[in-house]
Protein chains: 2
Amino acid sequence: MPGVSRRGFLAGTAGVAGVASTGMLLAACDNEPSNSEPNTEPLTEASVAFDGAHQAGIQTPTQASLNLAGFNLKDGVDAAGVVRLMRLWTEDARELTAGRNPLSSLEPEMVKWPANLTITCGFGERVFDIAAPDQKPVWLHDIPAMPREELRPEWGQTDLVLQICSDDPVMSAWALRHMTRAGMDYVETAWLQQGFVNAFGSIPKGQTPRNLFGQVDGTVNPRSDEDYAEQVFADDGSSSLVVRRIAMDLDDWERLDRTSREVAVGRKLSDGAPLTGEDEFDAPDMEALDEYGLPVIDKNSHMARAMPPADHPEQKFLRRPYNYSLPPAPGELSDAGLIFLAYQQDPDVQFTPVLQRLLEVDRLNEWTTHIGSAVYWIPPGTRKPGGEGSGDTYWGETVLSGARG
Amino acid sequence: MPGVSRRGFLAGTAGVAGVASTGMLLAACDNEPSNSEPNTEPLTEASVAFDGAHQAGIQTPTQASLNLAGFNLKDGVDAAGVVRLMRLWTEDARELTAGRNPLSSLEPEMVKWPANLTITCGFGERVFDIAAPDQKPVWLHDIPAMPREELRPEWGQTDLVLQICSDDPVMSAWALRHMTRAGMDYVETAWLQQGFVNAFGSIPKGQTPRNLFGQVDGTVNPRSDEDYAEQVFADDGSSSLVVRRIAMDLDDWERLDRTSREVAVGRKLSDGAPLTGEDEFDAPDMEALDEYGLPVIDKNSHMARAMPPADHPEQKFLRRPYNYSLPPAPGELSDAGLIFLAYQQDPDVQFTPVLQRLLEVDRLNEWTTHIGSAVYWIPPGTRKPGGEGSGDTYWGETVLSGARG
């Protein structure tokens with residue numbers, strides 16, 4: 001397989017030299033493409049570099065298919081066991097994402113076209129407790145209890161997480177299968193959250209995807225490498241991932257007329273523009289009044305409540321949400337929602353205050369319920385063992401080897 | 001939306017005039033493309049014509065995402081109710097597949113790019129019992145009990161089925177959502193079988209996809225319109241669908257070396273060629289012996305057992321299989337398999353004898369278990385009400401109106 005797709009290559013040239021995996025949403029480029037340009041890049045030539053300053057799968061444009069697997073360490077797995085698992089998983093993820101067959105697999109035909117496959121690993125609190133207790137980040141703990149949430153234990157915290165994304169669902173399933181089997185001496189699957197967004201090329205280039213409420217979702221994300229350095233990645237290249245599973249009541253939502261839906265969100269359904277603006281990326285005018293002297297954007301709308309207040313500009317993070325849609329329970333019409341993935345440097349500072357504000361007051365709360373929550377440390381990116389440069393040769397090496405200060 | 005994709009258009013020109021939906025696998029064209037040509041057709045311009053002599057979604061090249069929904073009629077729904085549901089569903093499916101918003105939907109943005117969406121409807125036995133008992137096809141009954149099968153009631157027969165396929169999983173989920181809600185006065189969901197194959201463009205043009213055993217799957221399918229007329233469609237344009245849900249034990253399968261896997265199937269893993277051949281589409285030589293005088297293709301291999309015997313050339317049908325991969329049960333590594341969709345004129349004659357032969361003896365049986373079964377009559381294609389020509393204006397009109405002889 002060629003190493004880097006045209007999409008990945010373009011993104012790479014705009015990023016830090018040597019970090020080909022730091023793709024960014026094409027919509028974000030200075031040279032912004034038209035919102036109606038079809039995608040004719042061949043997916044068979046698309047792959048994302050595995051090694052780099054940051055793990056791939058974060059700044060990478062969102063791929064169509066998500067297998068997010070939460071794993072728990074088996075009884076008796078100690079610090080040395082965690083190191084062995086990380087060496088093994090890192091090596092296999094490096095091979096799979098490059099379209100090469102991992103050593104332990106007999107099926108090279110299944111990995112020939114990785115279709116932008118990324119495999120991103122995160123550590124739950126317990127990995128630190130077992131392997132590096134004095135290195136645990138201060139923010140690595142459960143998100144505090146929130147109003148309205150109805151968390152279910154089956155979607156709770158796990159020891160490890162793998163975020164496996166690809167533009168080909170077969171590749172995503174195959175990579176999950178391989179990684180699960182490769183780790184079977186060390187971990188067992190606690191949960192699997194399967195999600196999807198629009199397929200590669202199925203909406204015009206540069207369009208922000210919509211969730212199952214029909215809302216444009218992801219407008220306020222970081223765009224430039226500077227945004228990512230400010231919001232998402234710590235100086236050592238690490239990050240954090242908060243997973244919130246959010247059930248969405250499509251049945252009730254769809255009883256609303258379009259105006260009511262737009263008031264609840266604060267944006268137009270047609271293009272995601274704020275109700276005071278013309279374009280998706282226009283800044284909202286929170287002071288604007290309508291002909292009756294009422295605010296155009298409701299102060300309790302989702303957008304208004306999610307915005308960082310003027311005195312807390314640090315309350316920003318990367319949204320990388322996926323839709324889920326499962327067989328409905330008997331008598332129900334649907335079981336759908338969001339696997340909401342938030343990446344940031346420090347959830348306590350950037351994420352949790354926003355969540356708290358939303359779950360206290362947000363018009364959308366009438367149709368959404370948080371049913372799962374987990375927090376992970378995302379190790380920095382890696383380099384090939386024996387390769388040039390410094391940095392970890394496997395996920396979390398600096399922490400697990402006790403080398404982090 | 002433009003009406004027909006380049007892919008659909010090419011297929012249409014090779015087919016019957018006016019039946020733009022009769023696409024065929026590109027691999028089948030006389031002018032066969034190279035097996036390594038990337039796909040650069042824009043998916044945003046791809047749609048499949050709804051009306052035609054046959055329903056779309058059968059001869060249509062397999063799209064990436066499947067939502068196969070089994071519905072049961074609510075208590076009290078009579079023949080007139082079935083007619084109302086079919087009018088409503090047919091009209092909404094016609095709109096959705098063309099990228100237009102159905103009357104009852106407020107979300108035109110969600111349907112702009114159907115990405116080869118097809119919605120195909122089937123009738124279970126009970127629809128005939130209620131609405132047209134004297135018109136029930138003789139083959140419309142449960143598949144007879146088979147050796148080895150472990151059928152689960154939750155994957156059993158339903159009154160109606162919708163096969164919803166798209167190359168965009170969001171479109172597929174949205175269409176399912178809409179059709180479920182549109183039919184809520186008449187039906188409730190009994191089961192939902194969600195599957196996937198390789199994404200649009202994620203493997204080179206003309207390649208036959210692989211299942212999660214790594215096998216090339218679909219080599220012996222009908223290719224030409226003549227094949228389809230002989231095997232799949234009755235003279236009135238109707239067909240039948242057999243759904244078999246087949247669990248696959250990936251864990252045990254992956255303990256085999258490649259040679260053992262190839263012996264079990266009778267084909268090479270690398271390219272799907274029969275063990276006696278060089279190319280996927282080579283005819284197998286069942287008499288060939290190896291250097292020890294043993295058959296090259298095991299008489300009990302999957303391929304040998306699935307082949308129609310010389311005196312029963314009619315034992316052929318269209319395979320339109322999808323993979324499934326669900327969260328594993330506690331302590332397990334995977335829960336995966338096939339949603340095996342078989343289309344033919346008459347299951348009793350074409351499908352069931354093959355199934356019987358396979359479930360009696362087939363080396364693959366060691367790693368597969370049939371856990372679900374259902375059979376449906378597939379109504380002929382439709383035409384727009386008020387439009388030219390004759391034929392049904394909604395699914396099953398001729399049968400439901402008592403006009404079929």
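Since the structure is predicted, the reported quantities are computational estimates derived from the model, not experimental observations. (Residues numbered from 1 in each chain as written. Chains lettered and ligands numbered in written order. Predicted model: local features only at pLDDT ≥ 70, side-chain atom pairs only at ≥ 80, totals over all residues. Heavy atoms only, no water.)

### Let's talk about the overall build of chain A
Here is step 1 of the chain: From N to C terminus, chain A includes 11 helices and nine strands.
Here is step 2 of the chain: Relative to the globule expectation of 22 Å for 405 residues, the C-alpha radius of gyration of chain A, 21 Å, shows essentially globular dimensions.
Here is step 3 of the chain: In terms of overall dimensions, chain A has a C-alpha envelope of 70 × 45 × 45 Å along the principal axes.
Here is step 4 of the chain: By sequence separation, contacts in chain A at least 24 residues apart represent 77% of the contacts at least 6 residues apart.
Here is step 5 of the chain: Where the 34 positive side-chain charges of chain A centre and where its 60 negative ones centre are 3 Å apart. (Helix = DSSP H or I, 4+ residues; strand = E, 2+ residues; numbered from the N terminus. Rg over C-alpha atoms; globule rule 2.2 N^0.38 Å. Contact = heavy atoms within 4.5 Å. Lys, Arg positive; Asp, Glu negative; His and termini not counted. Charge placed at Lys NZ, Arg CZ, Asp CG, Glu CD.)

### Things to note about the interface of chain A and chain B
Here is step 1 of the chain: Between chain A and chain B, the residue contacts involve 62 residues of the former and 61 residues of the latter.
Here is step 2 of the chain: A buried area of about 4,900 Å², summed over both sides, lies between chain A and chain B, and 59% of it is on carbon and sulfur atoms.
Here is step 3 of the chain: The largest per-residue losses of area from chain A upon contact with chain B belong to E109(A), R177(A) and L333(A), which jointly make up 13% of the total buried on that side.
Here is step 4 of the chain: For the pair chain A and chain B, the interface holds 10 salt bridges.
Here is step 5 of the chain: R177(A) is the salt-bridge partner of D251(B), the closest N and O atoms lying 2.7 Å from each other.
Here is step 6 of the chain: Across the contact surface, chain A and chain B share 24 residue pairs in polar contact (both at pLDDT 80 or more).
Here is step 7 of the chain: Among the secondary structure elements, those contributing two or more residues to the side of chain A that touches chain B are α4 (169-182), β4 (187-196), α6 (250-253), α7 (258-265) and β7 (322-326) of chain A.
Here is step 8 of the chain: The greatest single-element share of the side of chain A that touches chain B, amounting to seven residues, is contributed by α4(A).
Here is step 9 of the chain: Here the residues of the side of chain A that touches chain B are counted per class, giving 30 nonpolar, 17 polar and 15 charged. (Buried area = accessible area lost by both parts, 1.4 Å probe. Salt bridge = Lys/Arg side-chain N within 4 Å of Asp/Glu carboxyl O. Polar contact = N/O pair within 3.5 Å; in protein donor to acceptor, adjacent residues only side chain to side chain. Nonpolar A, V, L, I, M, F, W, Y, C, P; charged D, E, K, R; others polar.)

### What to know about the UniProt feature "domain: Dyp-type peroxidase N-terminal" (unreviewed entry) in chain A
Here is step 1 of the chain: Within this numbering scheme, the UniProt entry marks residues 55-196 of chain A as carrying the feature "domain: Dyp-type peroxidase N-terminal" (unreviewed entry).
Here is step 2 of the chain: In this annotation, residues 55-196 of chain A is assigned 28% helix and 23% strand; the end-to-end C-alpha distance for the span is 21 Å. (UniProt positions renumbered as here; feature names shortened; annotations may be inferred.)

### Observations concerning the nonpolar core
Here is step 1 of the chain: Counting 140 residues, the largest nonpolar core has M86(A), W89(A), L160(A), M86(B), W89(B) and L160(B) as the members making the most contacts within it.
Here is step 2 of the chain: Setting aside its immediate chain neighbours within four residues, M86(A) contacts C121(A), F123(A), L160(A), Y394(A), W395(A) and L400(A). (Core = buried A, V, L, I, M, F, W, Y, C linked by side-chain atoms within 4.5 Å. Buried < 20%, exposed > 50% of the residue type's maximum accessible area, 1.4 Å probe, protein only.)

### Focus: the packing of helix α2 (residues 79-97) of chain A against α4(A)
Residues and elements named next belong to chain A.
Here is step 1 of the chain: Their axes nearest at 10 Å, the elements α2 and α4 cross at an angle of 160°. For the element pair α2 / α4, the angle class is roughly antiparallel. For the pair α2 and α4, the crossing hand works out as right-handed. Contacts between α2 and α4 involve L88, W89, D92, A93 and L96 from the former and A175, H178, M179 and A182 from the latter.
Here is step 2 of the chain: Here the contact of α2 with α4 is built from residues that sort into seven nonpolar, one polar and one charged. (Axes fitted to C-alpha atoms, helices over the stretch in contact; angles between N-to-C directions. Parallel < 35°, antiparallel > 145°, perpendicular 65-115°, else oblique. Left-handed = near helix turned anticlockwise from the far one by under 90°.)

### A word on the UniProt feature "domain: Dyp-type peroxidase C-terminal" (unreviewed entry) in chain A
Here is step 1 of the chain: Per the UniProt entry, the sites bearing "domain: Dyp-type peroxidase C-terminal" (unreviewed entry) are residues 208-382 of chain A in this numbering.
Here is step 2 of the chain: Taken as a whole, residues 208-382 of chain A contains 21% helix and 22% strand, while its terminal C-alpha atoms sit 30 Å from one another.

### Some thoughts on the packing of aromatic side chains
Here is step 1 of the chain: In total, this model carries 20 aromatic pairs over all chains according to the counting rule given.
Here is step 2 of the chain: A connected cluster of aromatic rings, assembled from ring pairs, spans F123(A), F128(A) and W377(A).
Here is step 3 of the chain: Residue placement shows R245(A) over the ring face of W155(A); its charged tip is 3.8 Å from the ring centre.
Here is step 4 of the chain: Over the ring of Y324(B) we find R245(B), and its NZ or CZ is 3.9 Å from the ring centre. (Phe/Tyr/Trp six-rings, centres within 6.5 Å; stacked < 30°, edge-to-face > 60°. Lys NZ or Arg CZ within 6 Å of the ring centre and 35° of its normal.)

### Focus on the pairing of strand β5 (residues 239-248) of chain A
Side chains on a regular strand alternate between the two faces of the sheet.
Residue and element names in this part refer to chain A.
Here is step 1 of the chain: When you tally the buried positions in β5, you get 10 out of 10 residues, the bulk of the element.
Here is step 2 of the chain: Pairing between β5 and strand β9 (residues 368-378): 10 bridges, direction antiparallel. Its bridge partner being in β9, V243 is matched across the sheet by A374.
Here is step 3 of the chain: Direction of pairing for β5 relative to strand β8 (residues 335-344): antiparallel, over a ladder of nine bridges. (Pairing = 2+ DSSP bridges.)

### Observations concerning the relation of the copies chain A and chain B
Here is step 1 of the chain: Turning chain A through 180° and shifting it by 0.0 Å along the axis lays it on chain B, with an RMSD of 0.0 Å. This pairing of chains is accounted for by a two-fold axis. Measuring from the rotation axis to each C-alpha of chain A, the shortest distance belongs to T40(A), at 2.3 Å.
Here is step 2 of the chain: A share of 98% of interface residues in chain A that are also interface residues in chain B marks the association as one of identical surfaces. (Least-squares fit on C-alpha atoms with pLDDT ≥ 70 in both.)

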